[in-house]
Amino acid sequence: MRKGFLVSMALFVLTAGMLLAEGQGEGAGSVTGFNPTGLPILQEKTEFDMTGILMNNTRQGRHDETDMMKWLEEQTNIKINWNLIPQDSWQEKKNLIVASGDLPDAFHAQRSLSSEDVQKFGADGVIIPLDDLIDAYAPNLKAKMSEPYLQYSRSMDGNLYALAAIQDWGFDSFNAAIINTAWLKKLGLSMPKTTDDFYKVLKAFKTQDPNGNGQADEIPWSFLYKENPPVREVKREHYWIFPAFGIVDNPTHISITDDGEVIFTANKTEWKEAVQYLSKLYKEGLIDPEVFSQDRATLTNKVRNQGAVGSYTDYRLRLSIASPDIQDNFAAMPALTGPHGDKGWMRAMMAYSEGSFAITSNCKSPAALIRWMDYINNDENSVQMSFGMFKPAGYSAAEALVPSTNIPGKYVVNTELRPADVKPSEWPFTAPITVACTLLTSEVSNKYIEVKDSNVAKEEVCAVYRDDLSKYPYNFPFKFSSSEIEELSLIQTDLLNFIYTTEAQWIVSGFSDAKWNTYVKQLDNLGIDRYLELYKTAFNRQK
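Here is a short report on the structure shown in this document. Since the model is a prediction, treat every value here as computed from it, not as a measurement. (Residues numbered from 1 in each chain as written. Predicted model: local features only at pLDDT ≥ 70, side-chain atom pairs only at ≥ 80, totals over all residues. Heavy atoms only, no water.)

## Details of the overall build of the chain
Point 1. Along the backbone of the chain there are 18 helices and 16 strands.
Point 2. A sequence separation of at least 24 residues applies to 74% of the contacts in the chain between residues at least 6 apart.
Point 3. Approximately 24300 Å² of the chain is accessible, and the part contributed by carbon and sulfur atoms is 51%. (Helix = DSSP H or I, 4+ residues; strand = E, 2+ residues; numbered from the N terminus. Contact = heavy atoms within 4.5 Å. Areas by Shrake-Rupley, 256 points an atom, 1.4 Å probe, with all protein chains shown as cover.)

So this is what it looks like as C-alpha cells:
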C-alpha cells in the first residue's frame, strides 16, 4: 500500500509539473499565462523592474510614457518600470543594490555593467546565464549573435550572462586629426606628411598670424588630455601621434603589435620619444596649455566662436566640433610618418556597449523577459528602439522616424527640436534612444534608414586612415577571470595614475634620461611584469 501511494504521488507531481510547464514555459518563474511563441508574451499584464545607468542627464525622458514603450506594452503585456540612475552615482548605487539583495528583474541600459561586473555577478549568482533561454525563446537575438559578438560577450566560464548592445556601421578607426586648411592655404603651407612637417606647420600657426587679426592669439594644437566621466572610456586625444614613433598606445598602456605580441607601452623607447616630441611642442607654445583641464564644450567654443585653433582631435569632421559655417576650413590630416619611418593609426572595434542587459536571479520570469528582449530586437523594432518610432510624415516630435522624401520605403530621423518651453528632462520622446540594448546590424539599419549624414561624415574620416590601421584594435576586449580581475585591480589604479601624472608633467616640463630611468624602475616596483602577464594570458586564451 505504501508503495502504491508513493507511485500515485509521483504520477500526480509529474502530471502537475507538466501542466504547470504548459502554462508557464521553462524559466517562466512565478508568473502565469506565459506564451512560448506569439503575442502577447503573457496573458495578463505584468510589471518588470529594470535598473541601469543613465549616460546623459540631459536626456532623461519618461521612458514608460513614450509611444514606443506604450506600444510594446500593448503588444506583449509586459510593462517596464525603469529606474535609470545618473552615471555620476551609478557605481555606488549599483553596488548598494547588489549588496542589499533587493535586485531588479534585470539590469538594462547600455554599458550598465562592466566586464568585471559581469564576471563577478555571474560567478556569484547575481545574474543568470542566458544561453539556454536564448536557444529556447530568442531567435532574433540568436541570428544577430556573430562569433565575434559571442567572443566579446561571453564570460570566462563560458556562459553568456549579459548582452552587449551593438551598432555596426563599419567604422574602423576611432578618432581623426583635424587641421585648419584655411590657415595652411593662407600661409602657403602643404598638408603635413611627417612629424617634422607638423611641427613646422604648428610653428607657423603660432607666429604668422593665420587668422589675420594682428594678435598672437592662435592656438596651434588643442585636444582633451583626459575626459573620464564614470563608465565612459578614458580619452587621450593626442594618442594618434604615437604610431608615428612606432607604438600604438591607449589608456591601459597595453597594446598588441601587428605580429600578435602583447606589450606594455609606457616603458618603451618609442613611447619615450613620443612624449619628448610632445614636450618639445608644449615648450614652444604649440600645444594649448589648457589641454589638461578643458572639457569638450571649452574646446568646441575655441574652434567655433574664437576661431583660434589650428589643429584638434575629433570623432569626425562634419557635424561635430566644427560648425557647418566653418567646417570647410578644416580637413582630416592623414597619418604622419615619424623620424624613423614609422606610420600608423589606431584601429577601433565596432561599437559594442557591453553589459547592456542581464537578467537577475530575482527575476519573476526570465523566459518572458528574454522573449521581450527578443521582440524589441526584431528588425523593425530594433530600428525604432535605436532611432525613434516610425511616424507619418510631418510628425513634429523630436527623434521620430519619418518617411524619406528621397528614397521610397526608407525613413529619416526627424531632427526637429523639442518645444522651447519644454526641458529636456521633461520631453518624453527622447527615450528609449541610447537606453535599450539593441543589436543593430548595418544590414538592418540600411534596410530601413536612409544613410544619416553623420554616418557619411564619419566614413569620410575613416577612409583617410584605412590604409594605415593597426592590425589589432586599440580597445581589444580582453577577458579576465574573477581572480585575475581582483589581482589586476590591485595593480592598475596606482600604475595608471602614476603614468598619467608623469606623462602630463613631462609634456609640460620635459625630462632627463636620469628621470626616465627612475620612472622605469618605479614602473617595475608597481608590478608591470605581472600586469603584462595577466594581459598576455587573457590574449592567448582568447586567441
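## Let's talk about the sheet that holds strand E10 (residues 330-332)
Point 1. Taken in spatial order, the 4 strands make up an open sheet running E6-E9-E5-E10, and their pairing is mixed. In this open sheet, the two edge strands, each paired with only one partner strand, are strand E6 (219-221) and E10. On average, each strand axis in the sheet is tilted by 30 degrees relative to the strand beside it, whichever way the strands run.
Point 2. With 3 bridges joining them, strand E5 (residues 176-180) and E10 adopt antiparallel strand pairing. Directly across from Ile179, in E10, lies its bridge partner Ala331.
Point 3. Along the sheet, helix H9 (residues 195-207) contacts E5, E6 and strand E9 (309-314); its crossing angle with E6, the most-contacted strand, is approximately 170 degrees. (Pairing = 2+ DSSP bridges. Axes fitted to C-alpha atoms, helices over the stretch in contact; angles between N-to-C directions.)

## Digging into the packing of aromatic side chains
Point 1. The final tally for this structure, using the stated rule, is 40 aromatic pairs.
Point 2. On the basis of an interplanar angle of 90 degrees and a centroid distance of 5.3 Å, the ring pair of Phe34 and Tyr137 is categorised as edge-to-face. Linking Phe34 in the loop between helix H1 (2-24) and strand E1 (46-54) with Tyr137 in helix H5 (residues 131-137), this pair joins segments that are 103 residues apart in sequence. A single burial state applies to Phe34 and to Tyr137, both of which are buried.
Point 3. An angle of 20 degrees between the planes, with centres 4.1 Å apart, marks the rings of Trp506 and Phe511 as stacked. (Phe/Tyr/Trp six-rings, centres within 6.5 Å; stacked < 30°, edge-to-face > 60°. Buried < 20%, exposed > 50% of the residue type's maximum accessible area, 1.4 Å probe, protein only.)

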